[in-house]
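Now for the letters of each chain:
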Amino acid sequence: MCMKNLQNNAITVLNNNWKDKFSIPCAKLYPFQWFWDSGLIAIGFAHFDMPKAEKEIETLLDAQWSNGFIPHIIFHTETDTYFPGPDFHRSDLHPESSKKYKSTGMTQPPVTGFVLEDLYRISKDRDATLKFIESVIDKVYKNHEYFYNQRDPQDEGLVYIYHNWESGTDNSPIWDDIWDTMNPPEYTFERRDTTHVDAAQRPSKREYDHYLHIIEIAKQNNYNDQKIAELSPFLVQDPLFNAVLLKSNQSLIDLYRIIGNKNNNDKIHQLQKWQDKGTKSFNNKLYDEELGVYVHYDLRNEKLLKHISSSSFAPLFANLPSETRAEKMVDIMMEKFGNPDQYLCASFDPTSDRFNPKKYWRGPVWVNLNWMLYYGLKQYGFYDIAKRMKQDTIEIIENNGFYEYFDSRKEEHKNGNAGYGGHNFSWSAALFIDLLNE
Ligand code: DGY
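Computed from a predicted structure; not experimentally measured. (Residues numbered from 1 in each chain as written. Predicted model: local features only at pLDDT ≥ 70, side-chain atom pairs only at ≥ 80, totals over all residues. Heavy atoms only, no water.)

Caption draft 1: Inspection of helix 16 (residues 383-400) at higher detail. Under the 1.5 Å per step criterion, the end-to-end length of helix 16 is 26 Å for 18 residues, consistent within 8% with the ideal 26 Å. What helix 16 keeps buried is the set Ile385, Ala386, Arg388, Met389, Lys390, Asp392, Thr393, Ile394, Ile396, Ile397 and Asn400. Each element contacted by the buried residues of helix 16 is listed here: helix 1 (3-17), helix 14 (323-337), helix 15 (367-379), strand 9 (405-406), strand 10 (419-420) and helix 17 (426-437). Backbone geometry just downstream of helix 16 places Gly401 in the positive-phi region, at approximately 110°. (Helix = DSSP H or I, 4+ residues; strand = E, 2+ residues; numbered from the N terminus. Expected span 1.5 Å × (residues − 1). Buried < 20%, exposed > 50% of the residue type's maximum accessible area, 1.4 Å probe, protein only. Contact = heavy atoms within 4.5 Å.)

Here's what the structure looks like:
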């Protein structure tokens, strides 16, 4: 199919997943608004329908809690196609949660800051877009303030996540190390995801027991951040999450400067402090000399989780590694993930026994990570590898359609059924549009 038709299909996917004031990631499997999906979807809309891009962000921020927190799912509608829904999550337990929207009590990688900058980059009417940015940017600042005040118990400039669903990389093999330290009850519940998608492509029942157990602990403590920091068996400093936060910090600094109102100087100053401290700690604490990449730090059990995943390379996107480290990281990426019979970039180390190229975040290629890595590689001047990252991303979509994730093994693509998980998936369409037009 020619690129023009494929781009029109991507636009159709986004328009079909648009629900008046927000987008769903895809029908049935994910029927509500998800935090990082929403941000990345807005980047796609910005190329052909800026009012929708702005509305997407406005609705997301409308669900912000009074303490600055932004939830990972906003339950706009009632539906029984998803578990666990609002009655399980019970965001009302937190005294500062939104009174207007039911949501989860966990968050997701804070993409909003850099998304606003992307809207500005893409806009054909920058003055108008800047006005929009001016109307929402303080809410995003408040979200960052929440993170640094509530999620950084040791005052390092690095924030923790307390649940694997906060990472975005939901069932990564990295979490297996944490599941080994836990022994949750066997819960009785009815999964819905596996009625829409082959169970071989989704997390196991036992993994869900862990996921639910962590939420139960948080709920018993009314989602209080201090209590969670004290009691959650899952407490991790994630390199993807923190890289996204730092990237967004930098975007907020740049945007406040462009807005140029001197009332914002204190905010710029504060963001710069978070940025300097966070960058330093990120490079000191999350880099593993032996592996030559960034890894996760398990704050509960006080150790590095020494596994290489696509999150290990995300710091390139936020301009965090030195040139020397970046070179080493990219060598490792190409050595382990860049074999010519593989598409870039598997979500988990293809040379590990935990790698599974069909199962969600245990190996498949994801368009959102490829998109971040593409911009990161380009920023460091790795033009040839960036070009391959982009071409591979376009090719997996051309081969299969706008799926949620894709098999990394090229031979599996011959019959056009190497796309897995949800179909007509919004961010795959949105970021495809961005890659074609950047
Ligand atoms: C799911 O239900 O798998 C979602 O990705 C959680 O965010």
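Picking up where we left off.
Caption draft 2: Just the site of the ligand, in detail. Neighbouring residues of the ligand: Tyr30, Trp34, His72, Tyr82, Trp165, Asp170, Arg202 and Tyr360. Between the ligand and the protein, one listed contact pairs an oxygen atom with a side-chain N or O atom of Trp34 at 3.0 Å. At a separation of 2.8 Å, an oxygen atom of the ligand approaches a polar side-chain atom of Arg202. The protein chains hide 95% of the 230 Å² of surface that the ligand would expose on its own. Grouping the amino acids of the shell around the ligand by side-chain chemistry returns five nonpolar, one polar and two charged. (Near = heavy atom within 4 Å. Polar contact = N/O pair within 3.5 Å; in protein donor to acceptor, adjacent residues only side chain to side chain. Areas by Shrake-Rupley, 256 points an atom, 1.4 Å probe, with all protein chains shown as cover. Nonpolar A, V, L, I, M, F, W, Y, C, P; charged D, E, K, R; others polar.)

Caption draft 3: The arrangement of the packing of aromatic side chains in detail. Under the defined criterion, the tally for this structure stands at 41 aromatic pairs. Relative to Trp427, the ring of Trp36 has its centre 5.1 Å away and its plane inclined at 85°; by these criteria the two rings are edge-to-face. With a gap of 391 residues between them, Trp36 in helix 2 (residues 35-46) and Trp427 in helix 17 connect regions that are remote in the sequence. For the pair shown, Trp36 and Trp427 are each scored as buried. Between Phe147 and Phe241, the ring centres sit 5.5 Å apart and the planes meet at 80°, which makes this aromatic pair edge-to-face. (Phe/Tyr/Trp six-rings, centres within 6.5 Å; stacked < 30°, edge-to-face > 60°.)

Caption draft 4: Focus on empty space enclosed by the protein. Applying the stated criterion to the full structure yields three cavities of 30 Å³ or more. By volume, the largest cavity is sized at about 200 Å³. Along the wall of the largest cavity there are 21 residues; nearest its centre are Tyr30, Trp34, Gln108, Asp170 and Tyr360. Here the lining of the largest cavity is built from residues that sort into 13 nonpolar, three polar and five charged. (1 Å grid on protein atoms, 1.4 Å probe; cavity = no way out; pocket = protein on both sides within 12 Å on 5 of 7 lines; lining within 4 Å. Points joined across faces, edges and corners; volume = space filled by probe spheres on them.)

Caption draft 5: Spotlight on the confidence of the model for the chain. Summary statistics for the chain give a mean pLDDT of 98 and a share of 100% for residues scoring 70 or more. At the low end of the mean pLDDT range in the chain sits helix 9 (residues 193-196), at 96; at the high end sits helix 15, at 99. (pLDDT = per-residue confidence, 0-100.)

Caption draft 6: Spatial organisation of unusual backbone geometry. Here the amide bond leading from Phe83 into Pro84 is cis, since omega sits at 0°, within 30 degrees of zero. Of note, the phi angle at Lys28 is positive, near 65°, even though the residue is not glycine. Counting through the fold element by element, Lys28 comes out in the loop between helix 1 and strand 1 (33-34). Non-glycine residue Asn222 carries a positive phi angle of around 50°. Looking at where Asn222 falls in the secondary structure, it is placed in the loop between helix 10 (205-220) and helix 11 (225-231).

Caption draft 7: View of the pattern of salt bridges. Taken as a whole and assessed by the stated rule, the structure comprises 30 salt bridges. The salt bridge partner of Lys205 is Glu186, with a shortest N-O separation of 3.7 Å. Note that Lys205 is positioned in helix 10 and Glu186 in the loop between helix 8 (176-179) and helix 9, a separation of 19 residues in sequence. A single salt-bridge network, built from bridges that share partners, covers Glu186, Lys205, Arg206 and Asp209. (Salt bridge = Lys/Arg side-chain N within 4 Å of Asp/Glu carboxyl O.)

Caption draft 8: Representation of helix 10 within the structure. Given a rise of 1.5 Å per residue, 16 residues ought to cover 22 Å, and the 22 Å separating the end C-alpha atoms of helix 10 matches this to within 8%. Among the residues making up helix 10, those that are buried are Glu207, Tyr208, Asp209, His210, Tyr211, Leu212, Ile214, Ile215, Ile217, Ala218 and Lys219. In the stretch just after helix 10, Asn222 is the one whose phi turns positive, near 50°.

Caption draft 9: The layout of surface pockets, seen in detail. For the largest pocket, the calculated volume is near 330 Å³. Along the walls of the largest pocket sit 16 residues, with Glu117, Lys247, Ser251, Phe317 and Gln379 positioned nearest its centre. Secondary-structure elements contributing two or more residues to the lining of the largest pocket are helix 5 (112-122), helix 12 (239-259) and helix 15. Per-element accounting of the lining of the largest pocket gives the leading share, five residues, to helix 5. In terms of lining residues, the second largest pocket is bounded by 13 residues, among which Thr79, Tyr82, Gly85, Pro86 and Asp87 are the most central. Here the element with the most residues in the lining of the second largest pocket is helix 4 (residues 86-89); it accounts for three residues.

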